[in-house]
Protein chains: 2
Amino acid sequence: MADRPLVDKTAERLMAFILDNGYEVGQKLPNEYDLSEALGAGRSTVREAVRSLVARNILEVRQGSGTYISSKRGVVEDPFGFAFVKDRIKLTTDLFELRYLLEPRIAERAAQFGKEEDIQRLEQIAIEIEEALAADDPKHLELDVQFHSLLAEMSGNVAVKSLIPVINESIQIINEDYTNRRMKQSSIEAHRNILKAIQSRHPIAAYDSMLSHILTVRQTVLNDWYEKDIDIQGLPKSK
Amino acid sequence: MADRPLVDKTAERLMAFILDNGYEVGQKLPNEYDLSEALGAGRSTVREAVRSLVARNILEVRQGSGTYISSKRGVVEDPFGFAFVKDRIKLTTDLFELRYLLEPRIAERAAQFGKEEDIQRLEQIAIEIEEALAADDPKHLELDVQFHSLLAEMSGNVAVKSLIPVINESIQIINEDYTNRRMKQSSIEAHRNILKAIQSRHPIAAYDSMLSHILTVRQTVLNDWYEKDIDIQGLPKSK
């Protein structure tokens, strides 16, 4: 194994090099030899540094072509190590609390600031969700993430835009069991309400319909747990 | 460079291996030879897979000793690629909006669920912040992150616990300019108010004092921009 601190330092320098030179997604980096010169590090250290930025989804290596800025823009899979949280039920509850705090405002902003072409895409996704649910196609979960991620993008908040997909994907992974028939119907109506509010450029209605959607899903999950007699209030035990 | 898809698949299998076997922070993984057997992959592929989990802060390699589960629990630096966002002022505003949405509820939960020993730690940090500010020691920024991160931990929401330090560290990096004298005094008072509310086990007062704190800081930053005549409302331009 290589000298880790040196590799980390070189990776940091490489990151600064990328930012200082204004590299954009899809652009090609200089070759190993030139990078080695620019960063003042040996070629094997540079190779390790590149690998470390590949693992962080900042760079991607195309076989036989070179090293490029990744379209994943440095957003890594499971960046918070949610996979390490053992109590999956508690994690689901806690993630839903985050959505409850963030998503109504996101819908509100999407209604105020969203571009017309994005509203049309949103409608398209809503239609596809309904079709997938009608056909019992599990694709509806992925489409649901798309719906909420697009809203986050339309909100115009760059931080939220990165956050929401991570939160929603985590929930989908945990949550595949909870899509029973009643929940499907309620989910279709909820998405229609959110869409209508945004199409009408009605921020308050968008806020309220999203709040109502999240609360309904949260309650459905909780009811399921009550039925299975799982001891969970979504809250830590008192000391 | 190695066969990337194969390495990624092996990294995924290695991750599943770690979770299935219940490895805890600080525990040592089997050696490369045994891992290669367990994962059904060649040793050089396993080595690459290990590197990729090291880069994601899931594993750490100790020279001459072996591979261990990292205490960083898979939380990577800048997981959302905020370093890639060019408009730093917009990013700051957007991060403050996140704090405004999340932190009042966090303080509320900390007042209701926080452990006594954590409240004592919180008081200690608040005292150290005052000392650092009095001595013009830039350490107060790091202590401020500690204060808010401890609150997130006390909230008992496992998702928030991972999120808040990332948000706050991002802000500190951007934000070092904004600590003028008036802001210092207001920040001391705000931390005292939050602390008092939590010590009194008063969730509503904790919510309100945190909301007030975030709004004050947000306004100070905005005023600074107005003075410098920077065109920013913290909102995306209308279409």
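Criteria and cut-off values
- Along every chain, residues carry numbers that run from 1 in the direction the sequence is written.
- Here every chain gets a letter starting at A, and every ligand a number starting at 1, in the order they are written.
- Only residues with pLDDT of 70 or above have their local features reported here, since the model is predicted, and side-chain atom pairs are shown and tallied only from 80 upward, although totals for entire chains, interfaces and linings are computed over all residues.
- As a rule here, side-chain values come from all non-hydrogen atoms in the structure, and water together with hydrogens is ignored.
- Where helices and strands are cited, they refer to DSSP runs of H or I of at least four residues and of E of at least two residues respectively, numbered from the N terminus.
- The buried label applies to any residue whose accessible area, calculated with a 1.4 Å probe on protein chains only, is under 20% of its type's maximum; exposed applies above 50%, and partly exposed to all values in between.
- UniProt positions are given in the numbering used here, feature names are shortened, and annotations may be inferred rather than shown by experiment.
- For helices, the fitted axis covers only the stretch in contact; all axes are lines through C-alpha atoms, and the angles between them, taken along N-to-C directions, range from 0 to 180 degrees.
- Each angle gets one of four labels, with under 35 degrees taken as roughly parallel, over 145 as roughly antiparallel, 65 to 115 as roughly perpendicular, and the rest as oblique.
- Should the near helix be turned anticlockwise from the far one by less than a right angle, the crossing is termed left-handed; should it be turned clockwise, right-handed.
- It only takes one pair of heavy atoms within 4.5 Å for two residues to be counted as in contact.
- Following the grouping adopted for this structure description, the nonpolar residues are Ala, Val, Leu, Ile, Met, Phe, Trp, Tyr, Cys and Pro, the charged ones are Asp, Glu, Lys and Arg, and the polar ones are all others, Gly among them.
- The pairing test for Phe, Tyr and Trp rings, Trp by its six-membered ring, is centres within 6.5 Å, and the orientation test on the planes gives stacked under 30 degrees, edge-to-face over 60, and tilted for anything in between.
- Note on criteria: charge over ring means Lys NZ or Arg CZ within 6 Å of the ring centre, with the direction from the centre no more than 35 degrees off the ring normal.
- Segmentation of the chain into domains, including their bounds, is taken from an automatic or database domain assignment.
- The working definition used for a salt bridge is a side-chain nitrogen of Lys or Arg within 4 Å of a carboxyl oxygen of Asp or Glu.
- For a helix, the expected span equals 1.5 Å multiplied by the residue count minus one.
- An arc is given here, and it is the one of the directions from the helix axis to the C-beta atoms.
- Each residue gets a pLDDT score, which is the predictor's confidence in that residue and runs from 0 to 100.
- One bridge is not enough; two strands pair if DSSP finds at least two bridges between them.
- Among buried residues, the Ala, Val, Leu, Ile, Met, Phe, Trp, Tyr and Cys ones that are joined through side-chain atoms within 4.5 Å form a nonpolar core.

Some points on the overall build of chain A
From N to C terminus, chain A includes 9 helices and 2 strands. Taken from N to C terminus, the helices and strands of chain A fall in the order α-α-α-β-β-α-α-α-α-α-α. Across the 239 residues of chain A, 52% fall into the buried class.

Re the UniProt feature "domain: HTH gntR-type" (unreviewed entry) in chain A
With numbering aligned to this structure, UniProt lists the feature "domain: HTH gntR-type" (unreviewed entry) at residues 4–72 of chain A. Within residues 4–72 of chain A, the helical portion is 55% and the strand portion 12%, while the C-alpha atoms at the span's ends are 25 Å from each other.

Quick look at the packing of helix 5 (residues 116–134) of chain A against helix 6 (residues 139–154) of chain A
All names here are of chain A. The interhelical angle for the contact between helix 5 and helix 6, taken along N-to-C directions, is 165°, at an axis separation of 9 Å. Taken together, the axis directions place helix 5 and helix 6 in an arrangement best described as roughly antiparallel. Crossing of helix 5 against helix 6: the hand is left-handed. In this structure, helix 5 uses D118, I119, R121, L122, I125, A126, E128, I129, A132 and L133 to contact helix 6, whose residues at the interface are H140, L143, D144, Q146, F147, L150, L151 and M154. Across the contact of helix 5 with helix 6, the residue classes break down as 12 nonpolar, 2 polar and 4 charged.

Side note on the packing of aromatic side chains
Taken as a whole and assessed by the stated rule, the structure comprises 2 aromatic pairs over all chains. For the pair F17 of chain B and Y23 of chain B, a centre-to-centre distance of 6.0 Å together with 35° between the ring planes defines the contact as tilted. No difference in accessibility class separates F17 of chain B from Y23 of chain B, as the two residues are buried. In this structure, R218 of chain A is placed above the aromatic ring of Y100 of chain A, and the distance from its NZ or CZ to the ring centre is 5.0 Å.

A look at the domain arrangement of chain A
Here chain A is partitioned into domain 1 (4–67) and domain 2 (80–226). Its C-alpha centre places domain 1 of chain A at a distance of 37 Å from the equivalent point of domain 2 of chain A.

Thoughts on the pattern of salt bridges
Taken as a whole, this structure holds 28 salt bridges over all chains when the rule is applied. For the salt bridge of R62 of chain A with E60 of chain A, the shortest nitrogen-to-oxygen distance reads 3.2 Å. A salt bridge links D94 of chain B to K90 of chain B, with the shortest nitrogen-to-oxygen separation between them at 2.7 Å. Placement of both D94 of chain B and K90 of chain B in helix 4 (residues 88–113) is noted, with a separation of 4 residues, approximately one turn of the helix. Since its relative accessible area comes to 0%, D94 of chain B is described here as buried. Connected through salt bridges with shared partners, the residues E48 and R51 of chain A together with E48 and R51 of chain B form a single ionic network.

As for the environment of N31 of chain B
Relative to the helices and strands, N31 of chain B is located in the loop between helix 1 (4–20) and helix 2 (32–39). Take N31 of chain B: its relative accessible area is 45%, and that puts it in the partly exposed class.

Digging into helix 6 (residues 139–154) of chain B
All names here are of chain B. Along its 16 residues, helix 6 runs 23 Å from first to last C-alpha, staying within 8% of the 22 Å computed at 1.5 Å per residue. Regarding helix 6, the residues found buried are H140, L141, L143, D144, V145, F147, H148, S149, L150, L151, A152 and M154. Of the residues trailing helix 6, G156 is marked for its positive phi of about 75°.

Considering the environment of H140 of chain B
Structurally, H140 of chain B is set in helix 6. The spatial distance from the C-alpha of H140 of chain B to the C-alpha of S212 of chain B is 20 Å, given a sequence separation of 72 residues.

Considerations on helix 5 (residues 116–134) of chain B
Residues and elements named next belong to chain B. The end-to-end C-alpha distance of helix 5 is 27 Å, a good match for the 27 Å that 19 residues give at a rise of 1.5 Å each. D118, I119, L122, I125, A126, I129, A132 and L133 are the residues of helix 5 that are buried. Projected onto a plane normal to the axis of helix 5, the buried residues spread over an arc of 140° and lie on a single side. Of the residues in helix 5, the exposed ones pointing more than 90 degrees away from the buried face are E117, Q120, E131 and A134.

What to know about the confidence of the model for chain A
Residue and element names in this part refer to chain A. Averaged over every residue, the pLDDT of chain A is 84; residues scoring 70 or more account for 86%. Within chain A, no element has a lower average pLDDT than helix 7 (residues 158–175), which sits at 76, and none a higher one than helix 5, at 95. Scored as a complex, the prediction yields pTM 0.74 and ipTM 0.72.

Quick look at the pairing of strand 1 (residues 59–62) of chain B
Residue and element names in this part refer to chain B. Sheet topology places strand 1 next to strand 2 (residues 66–69); 4 bridges connect them, and they run antiparallel. Within strand 2, the residue paired with L59 across the bridge is I69. Here strand 1 hands over to strand 2 after 3 residues, with G64 in that stretch at a positive phi of 70°.

Things to note about the nonpolar core
The biggest cluster of nonpolar side chains holds 94 residues, and the ones touching the most others in it are L102, L151 and I198 of chain A together with L102, L151 and I198 of chain B. L102 of chain A has contacts with L163, I164 and I167 of chain A together with L98, L101 and L102 of chain B, leaving out every residue within four places of it along the chain.

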